[in-house]
Amino acid sequence: MVVDVESTAHGPLLNPILPKETRAIALKWTLYDSTLNTVPLFEIDTAANWGDFSSALEKWSWPTQNVVYADDEGHIAYHAVGKIPLRPAGWRACHRRQCA
């Protein structure tokens, strides 16, 4: 099956796969943003301590991930990293077509 996808500023329209939906529904995902393409894997893999590891994670510019840190001194940590789409007026306003 071939589906033509229309792209908008809010992401691709999902309507071709939702035939009964009358509203325009778009899926915005940071992975589709070509300006967000930094994944500092080398810096993460070569970090010598939590400070280095945490600094490397600040450069993460792709969708969210759960990251766990552990070292040979018994330190462990959890960090949620990534970018999420911001909707300044909130989801409800976008649902009511009040967002730009």
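The model shown is predicted, which means the values in this text are computed figures rather than measured ones. (Residues numbered from 1 in each chain as written. Predicted model: local features only at pLDDT ≥ 70, side-chain atom pairs only at ≥ 80, totals over all residues. Heavy atoms only, no water.)

Q: An account of helix α2 (residues 50–57) is requested, with residue identities and associated values reported.
A: Turn by turn, an α-helix covers 3.6 residues, leaving residues three or four places apart pointing in a common direction. Among the residues of α2, Phe53, Ser54, Ala56 and Leu57 are the ones counted as buried. Around the axis of α2, the buried residues are gathered within 160 degrees of arc, so they sit on the same side. In this fold, the buried residues of α2 make contact with α1 (41–45), β3 (65–70) and β4 (76–81). The opening residue of α2, the one whose side-chain oxygen lies 3.0 Å from the backbone nitrogen of Gly51, is Asn49. (Buried < 20%, exposed > 50% of the residue type's maximum accessible area, 1.4 Å probe, protein only. Helix = DSSP H or I, 4+ residues; strand = E, 2+ residues; numbered from the N terminus. Arc of directions from axis to C-beta. Contact = heavy atoms within 4.5 Å. Polar contact = N/O pair within 3.5 Å; in protein donor to acceptor, adjacent residues only side chain to side chain.)

Q: Residues and numbers for the environment of Tyr69, please.
A: Within the secondary structure layout, Tyr69 lies in strand β3. By relative accessible area, Tyr69 is classed as buried at 6%. Measuring from C-alpha to C-alpha, the distance between Tyr69 and Asn49 comes to 9.3 Å, with 20 residues separating the pair along the chain. Apart from residues no more than four positions distant in its own chain, Tyr69 is found in contact with Asn49, Trp50, Phe53, His75, Ile76 and Ala77. A polar contact of 2.8 Å, which involves the side chain of Tyr69, links it to the side chain of Asp71.

Q: Can you lay out the packing of aromatic side chains for me, pointing to particular residues and giving the numbers?
A: Under the counting rule described, the total for this entry stands at three aromatic pairs. Between Trp50 and Phe53, the ring centres sit 5.8 Å apart and the planes meet at 35 degrees, which makes this aromatic pair tilted. Taken as a pair, Trp50 and Phe53 lie in helix α2 at a separation of three residues, close to a single helical turn. The class for Phe53 is buried, based on a relative accessible area of 7%. Between the aromatic rings of Phe53 and Tyr69, the centroid separation amounts to 5.0 Å while the plane-to-plane angle is 45 degrees, which identifies the pairing as tilted. Here the residue Phe53 occupies a position in helix α2, and Tyr69 occupies one in strand β3, the gap between them amounting to 16 residues. Ring pairs connect the aromatic residues Trp50, Phe53 and Tyr69, which therefore count as one cluster. (Phe/Tyr/Trp six-rings, centres within 6.5 Å; stacked < 30°, edge-to-face > 60°.)

Q: If you had to explain the confidence of the model for the chain to someone new, which residues and values would you point to?
A: The predicted model of the chain has a mean per-residue pLDDT of 81, with 85% of residues at 70 or higher. Mean pLDDT in the chain bottoms out at helix α3 (residues 90–95), which sits at 53, and peaks at α2, which reaches 93. (pLDDT = per-residue confidence, 0-100.)

Q: Account for the pairing of β4, with residues named and values stated.
A: Direction of pairing for β3 relative to β4: antiparallel, over a ladder of six bridges. Along β4, the bridge assignment pairs Val68 with Tyr78. The antiparallel pairing of β3 with β4 creates a hairpin that spans five residues between the two strands, and Gly74 there sits at a positive phi of about 90 degrees. (Pairing = 2+ DSSP bridges.)

Q: Please set out a nonpolar patch on the surface residue by residue, giving values where relevant.
A: A contiguous nonpolar surface patch, about 620 Å² in accessible area, is contributed by Leu27, Trp29, Leu31, Tyr32, Val39, Leu41 and Trp62. Mapped onto the elements of the fold, Trp29 is located in the loop between β2 (11–12) and α1. (Patch = residues over 30% accessible without salt bridge, like charges linked within 9 Å, V, L, I, M, F, W, Y side chains within 5 Å. Areas by Shrake-Rupley, 256 points an atom, 1.4 Å probe, with all protein chains shown as cover. Salt bridge = Lys/Arg side-chain N within 4 Å of Asp/Glu carboxyl O.)

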